[in-house]
Amino acid sequence: MVIGALVVLIFKPNNQKSLKLLLAFSGAFLLAITIFDILPEVFEDNPNSKSTGVWIMIGILLQKVLEYFSQGAEHGHVHLDKKSNQIPLLLFTSLGIHALLEGFPIHHNDDILIGIIIHKIPIAMILTTFLFKTKIKKPYIILFLILFALMTPLGTFLAESLSMLQNYYKEITAIVIGIFLHVSTTILFENNEGHKFNITKLLVILLATGVAYIV
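The shown structure was predicted, so the numbers you read here are calculated from the model rather than taken from an experiment.

**Description of the environment of Gly59**
- Topologically, Gly59 is positioned in helix α3 (residues 49-70).
- A C-alpha to C-alpha distance of 8.4 Å links Gly59 and His182, two positions 123 residues apart in sequence.
- Among residues more than four places away in sequence, those in contact with Gly59 are Ile175, Gly178 and Ile179.

Now the structure itself:
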């Protein structure tokens, strides 16, 4: 999150095509990490595999509800009134819950951390760009971004510190899998303009998948 915001503040990138490809890479990488690493983990030695599937579906539906309030900011769709001078609380709350849950499985798997970082960079760039186009005061925007950046580490801290959460690790991770599946597939399949075949995007997706498999 911090990296993406700093890139926008320092370099002020305007190439939307490159940003979309970066977003596609992040979505493919997140999807691949989920399938290669997290999904097998929750089903390994799991006598309640069907209930785990239910928790994954709950995660997908939860993300759908969160996106109702965030309007799709998790996958690069930011819709803010440029004349607004108020911090969008619904957006912050939705993104905060999303980021908090993302932090739960990290302490069990470093690859997930890499996936989340790569996923967050283009999202942070898009979010920062749109916020700075509004009339919201700059200190409030920076505070918003800092708090948002802290939510995922907070989720990891809670998962490591609270034994109650540790007892439900597989259930919470299954919810996160559902969230990741929804977000990543939306990034990959919703952003095809006019559903046209894009060889560049396909190569980016294949590259991200290969990198995820290697790590």
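**What to know about the packing of helix α4 (residues 89-102) against helix α6 (residues 138-161)**
- Put simply, α4 and α6 touch, their axes get as near as 7 Å, and they point 30° apart. For the crossing formed where α4 meets α6, the hand is right-handed. Residues Leu91, Phe92, Leu95, Gly96, Ala99, Leu100 and Glu102 of α4 form the contact with α6, whose participating residues are Phe144, Leu147, Phe148, Met151, Thr152, Leu154, Gly155 and Leu158.
- For the contact of α4 with α6, the class distribution of residues is 11 nonpolar, three polar and one charged.

**A few points about α6**
- Helix length check: α6, at 24 residues, gives a terminal C-alpha distance of 34 Å against a target of 34 Å (1.5 Å per residue), a fit within 8%.
- Where α6 bends most, at Met151, the angle is about 30°, and the proline Pro153 comes one to four residues later.
- Every buried residue belonging to α6 is among Ile141, Phe144, Leu145, Phe148, Ala149, Met151, Thr152, Gly155, Thr156 and Ala159, and all of these are buried.

**Some thoughts on a nonpolar patch on the surface**
- On the surface, a nonpolar cluster with roughly 760 Å² of combined accessible area is contributed by Ile35, Phe36, Ile114, Leu207, Val211, Tyr213, Ile214 and Val215.
- Secondary structure elements with two or more residues in the nonpolar patch: α2 (16-43) and α9 (199-214).
- It is α9 that contributes the most residues to the nonpolar patch, four residues altogether.
- With respect to the helices, strands and loops of the structure, Ile114 is situated in helix α5 (residues 110-131).
- You can call Ile114 partly exposed: its relative accessible area is 34%.

**Let's talk about the packing of aromatic side chains**
- Evaluated as defined, the whole model comprises four aromatic pairs.
- Consider the rings of Phe36 and Tyr213, whose centres lie 5.5 Å apart with planes at 85°: the pair is edge-to-face. With Phe36 in helix α2 and Tyr213 in helix α9, this residue pair connects regions lying 177 residues apart in the sequence.
- Looking at Tyr213, the relative accessible area reads 65%, which means it is exposed.
- Summarising the aromatic geometry, the rings of Tyr68 and Phe69 are spaced 5.2 Å apart at their centres and angled 85° between planes, so their arrangement reads as edge-to-face.
- Look at Phe69 and you get partly exposed, because its relative accessible area is 36%.

Reading guide: rules and limits
- Numbers given for residues are sequential positions, taken from 1 along each chain in its written order.
- The predicted nature of this model means local features are confined to residues of pLDDT at least 70 and side-chain atom pairs, given and counted, to a pLDDT of 80 or more, with totals for whole chains, interfaces and linings taken over all residues.
- Note that water and hydrogens are dropped before the side-chain values are worked out from all heavy atoms of the structure.
- Only runs of H or I of at least four residues qualify as helices and only runs of E of at least two qualify as strands under DSSP, and these elements are numbered from the N terminus.
- Any two residues having at least one pair of non-hydrogen atoms within 4.5 Å are treated as being in contact.
- Under this scheme, a helix contributes an axis fitted over its contacting stretch, all axes are lines through C-alpha atoms, and angles between N-to-C directions fall in the 0 to 180 degree range.
- Here a crossing is called left-handed whenever its near helix is offset anticlockwise from the far helix by less than a right angle, and right-handed whenever the offset is clockwise.
- In this classification, the charged set is Asp, Glu, Lys and Arg, the nonpolar set is Ala, Val, Leu, Ile, Met, Phe, Trp, Tyr, Cys and Pro, and all remaining amino acids, among them Gly, are polar.
- Expected span of a helix, by definition, is 1.5 Å for each gap between consecutive residues, and there is one gap fewer than residues.
- In this analysis the local bend is the angle between axes fitted, respectively, to the seven residues ending at and the seven residues starting at the residue.
- Each residue is assigned to one of three classes by its accessible area relative to the maximum for its type, calculated with a 1.4 Å probe on protein chains only: buried under 20%, partly exposed between the two thresholds, exposed over 50%.
- Residues qualify for a patch when their relative accessible area is over 30% and they have no salt bridge, like charges being joined within 9 Å and the nonpolar side chains of Val, Leu, Ile, Met, Phe, Trp and Tyr within 5 Å.
- For the area figures, the Shrake-Rupley method with a 1.4 Å probe applies, and any residue is considered shielded solely by the protein chains shown.
- Salt bridge, as used here, is a side-chain nitrogen of Lys or Arg placed within 4 Å of a carboxyl oxygen of Asp or Glu.
- In this scheme Phe, Tyr and Trp rings, the latter by its six-membered ring, pair at centre separations within 6.5 Å, and the angle between planes marks the pair as stacked below 30 degrees, edge-to-face above 60, and tilted otherwise.

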